[in-house]
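For reference, the chains in residue letters:
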Amino acid sequence: MIKLNRRQQLIIDELDEHNFTKVNELCEKLNVSAVTIRKDLQYLENTGLLYRTHGGASKQPLYAFEKNINEKEFVQVLQKQKIAKAALKFVNDQDFIILASGTTVYYLAKIISGYEKLTVITSSLSVSIELGKDSFIDVIQLGGNLRKSSVSVIGSLAESELKKFSCNKLFLGIDGIDLDFGLSTSNSTEAHLNKVMIEQSEKVIVLADSTKINKRGFGQICSLDKVDVLITDNDISEKDLSTLEDCGIEVIVAK
């Protein structure tokens, strides 16, 4: 049985509420030195109760690792569906939009219908197949190297084709959103393609469930100042919500 002193239990309680905390914040709340807090965090990490990060601690691992789309499709399903429904409000007739890869974006593609005219550029084969069922949606499938884990294309061919277009909205799925590192994904080549998507779009709408917040993937996409809207689920903490809004991001909580 793991034994915790009162201070260590308060640290765990803080993480249960906010998922992430910093050493300096714990010092102020508990009125102890940074050396004491770091010793507590080391002990709690050794017992498997938290993950230490640069300058703090997290309830979940900081880094997002690559998963196959077949696995991700069954994770956070209800949250992703609610996020997709909230994102649909940003789709209008006559739009020229980019749909990136990812399961949440795919859920959005599944409910896009009933428009008189819509043009969609996508890197995702799954999105193309879904939207191809609607005769009023013009679908432009980017070419390139197939990334099998996400059933989407990546690479220079996709990037060069994308640069020929200008779109008014991008719906982007990610693996991580972090205050310091920005948006990221687990594949660096896909991250570079996502960066080009942002450059070719007037408005960037990120679709990410709350488990992606305070996470980092291997490949950085962009800093947070490039993001216009974040749509997430109602498990986001008040602290994270406030922090992201302070960065100038419109945060929409899908319910």
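Heads up: these notes are all about the structure in this document. Fair warning: this is a prediction, and the values are worked out from it, not measured in the lab.

Observations concerning the nonpolar core
Counting residues in each nonpolar core, the largest one holds 32 residues, and the members touching the most others are Leu162, Ile174, Ile177, Leu183, Val206 and Leu244. Among the elements of the structure, helix H8 (156–162), strand E9 (167–173), helix H9 (188–199), strand E12 (201–207), strand E13 (219–222) and helix H10 (238–246) are those that each provide at least two residues to this core. Considering each element in turn, this core owes the most residues, 5 residues, to H9.

Thoughts on the layout of surface pockets
Taken as a whole, the largest pocket encloses approximately 410 Å³ of empty space. If you go around the largest pocket, you meet 20 residues; those closest to its centre are Phe20, Lys22, Asp178, Leu179 and Asn214. When contributions to the lining of the largest pocket are tallied by element, the ones reaching two or more residues are strand E1 (20–22), strand E10 (176–178) and H10. Grouping the constituent residues of the lining of the largest pocket by class yields 7 nonpolar, 6 polar and 7 charged.

Looking at helix H2 (residues 23–30)
Among the residues making up H2, those that are buried are Val23, Leu26 and Cys27. For H2, the angular spread of buried residues about the axis comes to 105 degrees, placing them on one side. Looking at H2, the residues exposed on the side facing more than 90 degrees away from the buried face are Glu28 and Lys29. On its buried side, H2 packs onto helix H1 (6–18), E1, helix H3 (34–46) and strand E3 (56–58). Taken from the residues just after H2, Asn31 is the one with a positive phi, measuring 55 degrees.

Looking at the sheet that holds E1
In spatial order, the strands read E1-E3-E2; together these 3 strands make up an open sheet with antiparallel pairing. One side of each edge strand has no neighbouring strand; the edge strands of this open sheet are E1 and strand E2 (51–53). Pairs of neighbouring strands in the sheet enclose a mean axial angle of 25 degrees, with direction left out of account. Where H2 meets the sheet, its contacts fall on E1 and E3, and the angle it forms with E1 comes to roughly 75 degrees. Packed on one face of the sheet, H3 meets E2 and E3 and runs near 140 degrees to E2.

Overview of the pairing of strand E6 (residues 137–141)
Summarising the sheet, strand E5 (residues 118–122) and E6 pair through 5 bridges and their orientation is parallel. From the neighbouring strand, Leu118 faces E6, where its bridge partner is Ile137. Chirality of the crossover, the property in question, places the unit of E5, helix H7 (residues 125–131) and E6 among those that are right-handed.

Thoughts on the pattern of salt bridges
A complete count under the given rule lists 10 salt bridges for this structure. Between Lys239 and Glu25 there is a salt bridge, and its shortest N-O distance comes to 2.8 Å. Of this pair, Lys239 sits in helix H10 while Glu25 sits in helix H2; the two residues are 214 residues apart in sequence, bridging distant segments of the chain. Overall, the relative accessible area of 27% leaves Glu25 in the partly exposed class. Notably, a salt bridge pairs Lys169 with Asp95, separated by 2.8 Å at the nearest N-O pair. Note that Lys169 is positioned in strand E9 and Asp95 in the loop between helix H5 (77–87) and strand E4 (96–99), a separation of 74 residues in sequence. When its relative accessible area of 10% is taken as the criterion, Lys169 is described as buried. For Asp95, a relative accessible area of 5% puts it in the buried group.

Description of the sheet that holds E13
Sheet strands associate in pairs through backbone hydrogen bonding, adopting either a parallel or an antiparallel arrangement. The sheet built from 3 strands is open, its strands ordered E10-E11-E13 with antiparallel pairing. Each edge of the sheet is formed by a strand with only one pairing partner; in this case those strands are E10 and E13. Averaged over all pairs of adjacent strands, the angle between strand axes in this sheet comes to 35 degrees, irrespective of strand direction. On top of the sheet, H9 reaches strand E11 (182–185) and E13; it is set at about 5 degrees to E13, its chief contact.

Cut-offs applied
Residues numbered from 1 in each chain as written. Predicted model: local features only at pLDDT ≥ 70, side-chain atom pairs only at ≥ 80, totals over all residues. Heavy atoms only, no water. Core = buried A, V, L, I, M, F, W, Y, C linked by side-chain atoms within 4.5 Å. Buried < 20%, exposed > 50% of the residue type's maximum accessible area, 1.4 Å probe, protein only. Helix = DSSP H or I, 4+ residues; strand = E, 2+ residues; numbered from the N terminus. 1 Å grid on protein atoms, 1.4 Å probe; cavity = no way out; pocket = protein on both sides within 12 Å on 5 of 7 lines; lining within 4 Å. Points joined across faces, edges and corners; volume = space filled by probe spheres on them. Nonpolar A, V, L, I, M, F, W, Y, C, P; charged D, E, K, R; others polar. Arc of directions from axis to C-beta. Contact = heavy atoms within 4.5 Å. Pairing = 2+ DSSP bridges. Axes fitted to C-alpha atoms, helices over the stretch in contact; angles between N-to-C directions. Right-handed = clockwise from strand over helix to strand, strands pointing away. Salt bridge = Lys/Arg side-chain N within 4 Å of Asp/Glu carboxyl O.

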